[in-house]
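# Structural characterization, general
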Amino acid sequence: MAAPTETAENLLARIADAGRITVLTGAGMSAESGIPTFRGTHDSLWSRLDPMTLATEDAWRADAALVWGWYRWRMALVSQAQPNAGHRALAQLARTHRIALITQNVDDLHERAGSQVLAHVHGSLFALRCFDCGQPHAESLPPVSADAVPQRLAPPRCQACGGLVRPGVVWFGEALPQAAWQHAQAATRCELMLVVGTSGLVQPAASLPMRARQQGACVVEINPARTVVSEIAHQRIAERAACALPALVAALDPQRGSSPAI
Ligand SMILES: NC(=O)c1ccc[n+]([C@@H]2O[C@H](COP(=O)([O-])OP(=O)(O)OC[C@H]3O[C@@H](n4cnc5c(N)ncnc54)[C@H](O)[C@@H]3O)[C@@H](O)[C@H]2O)c1
Ligand SMILES: [Zn+2]
């Protein structure tokens, strides 16, 4: 392991001392679990379709079967995936620190790693509801392998009104779930905000790091690529989440030595 740099030592001290730490995660958090980000490159049946044109109410009205097929593929990918070392490290951090975990991810990998998510600001893939009347859809879907999802698939019907059942995610142009957004905004009152794997391009979630900074938080970005968050972060860790987070958590744990490679 490399010796800690001055800034790494400062960061560790800040984390160790912080009363409240808020973690904001984006699609990059789950990339190493095999869930493609929207803006990354990936090779699949769906890669030539643009998420910006699929994840909208207009797309649903125009071709619900295409949109449902895409979501069934994403649900199958998530069901087949496992939390990565980064998800597990955050769950471990919450055992020793007061963590508020806010995610833009619609997967359930934080929960499966043992974390409590304070706010899924963009909803969840698996919280199905009726497009017309909003009634939650409790019936479970038949399991399907990600490789076997056809590109067009009829969505299930609502048991209350017969409308089409949609995924419980926030589409582009839709409002965020009110309670989740309120929790997320309240969590910007913290001493330290870790921003992991987000391009910072999707508003209003992208405003949270700046809001935290304006309220006095130290903002630390974990992302191998520079983003708009880099412009306002006090510190950047230019590494992948599954590498940087376990190193950080190990370095904070006195039982496990004090020479981090962050
Ligand atoms: N897993 C998911 O739930 C999932 C997947 C794709 C998209 N989305 C949705 O898409 C929207 C896109 O916004 P976004 O900012 O979250 O994602 P994004 O696709 O816009 O950006 C992903 C970011 O992650 C970074 N990244 C890639 N691999 C990484 C890694 N291993 N470790 C750390 N960072 C890494 C990239 O450099 C990029 O900045 C979100 O609203 C989200 O709901 C969710
Ligand atoms: Zn209905």
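Report follows, based on the coordinates. (Residues numbered from 1 in each chain as written. Chains lettered and ligands numbered in written order. Predicted model: local features only at pLDDT ≥ 70, side-chain atom pairs only at ≥ 80, totals over all residues. Heavy atoms only, no water.)

Let us now look at helix H6 (residues 178-186). Residues three or four positions apart in an α-helix share a direction because the helix packs 3.6 residues into each turn. Those residues of H6 not exposed but buried are Ala180, Trp181 and Ala184. The arc that holds every buried residue of H6, seen down its axis, measures 95 degrees, which confines them to one face. Residues of H6 that are exposed and point more than 90 degrees away from the buried face comprise Gln178 and Ala186. Among the structural elements, strand S2 (99-103), strand S3 (119-120) and helix H7 (208-214) are those in contact with the buried residues of H6. (Buried < 20%, exposed > 50% of the residue type's maximum accessible area, 1.4 Å probe, protein only. Helix = DSSP H or I, 4+ residues; strand = E, 2+ residues; numbered from the N terminus. Arc of directions from axis to C-beta. Contact = heavy atoms within 4.5 Å.)

Here the focus is the site of ligand 1. Taken together, 28 residues form the shell around ligand 1, and within it Glu32, Arg39, Gln104, His122 and Ser199 come nearest. One of the backbone nitrogen or oxygen atoms of alanine 27 is found 2.8 Å away from an oxygen atom of ligand 1. At 3.5 Å from a nitrogen atom of ligand 1 is found a main-chain nitrogen or oxygen belonging to glycine 28. For ligand 1, whose accessible area on its own is 850 Å², the fraction buried by protein is 91%. For the shell around ligand 1, the class distribution of residues is ten nonpolar, 13 polar and five charged. (Near = heavy atom within 4 Å. Polar contact = N/O pair within 3.5 Å; in protein donor to acceptor, adjacent residues only side chain to side chain. Areas by Shrake-Rupley, 256 points an atom, 1.4 Å probe, with all protein chains shown as cover. Nonpolar A, V, L, I, M, F, W, Y, C, P; charged D, E, K, R; others polar.)

Next up on the list: the pattern of salt bridges. If charged atoms from side chains of opposite charge come close, those side chains can pair. Enumeration according to the criterion identifies nine salt bridges in this entry. Among the ionic pairs, glutamate 231 bridges to arginine 226, the shortest N-O distance being 3.6 Å. The exposure class assigned to glutamate 231 is exposed, which follows from its relative accessible area of 59%. Classification of arginine 226 as exposed rests on a relative accessible area of 58%. Several salt bridges converge on common partners, so that one network encompasses Glu57, Asp58 and Arg61. (Salt bridge = Lys/Arg side-chain N within 4 Å of Asp/Glu carboxyl O.)

Turning our eyes to something else, we now look at the coordination of the zinc ion (ligand 2). Bound to the zinc ion (ligand 2) on the protein side are Cys130 (SG), Cys133 (SG), Cys158 (SG) and Cys161 (SG), at distances that span 2.3 to 2.4 Å. Here the zinc ion (ligand 2) binds four donor atoms, and the angle range of 101 to 117 degrees at the metal identifies the geometry as tetrahedral. Motif for the zinc ion (ligand 2), donor spacing along one chain: C-x2-C-x24-C-x2-C. Here cysteine 161 lies in the loop between strand S4 (123-130) and strand S5 (165-169) and cysteine 133 lies in the loop between S4 and S5, a separation of 28 residues in the sequence. Overall, the relative accessible area of 42% leaves cysteine 161 in the partly exposed class. (Donors = N, O, S within 2.8 Å, 3.2 Å for Na, K, Ca; no water. Tetrahedral: all angles 85-135°; square planar, octahedral: opposite > 155°, others 65-115°.)

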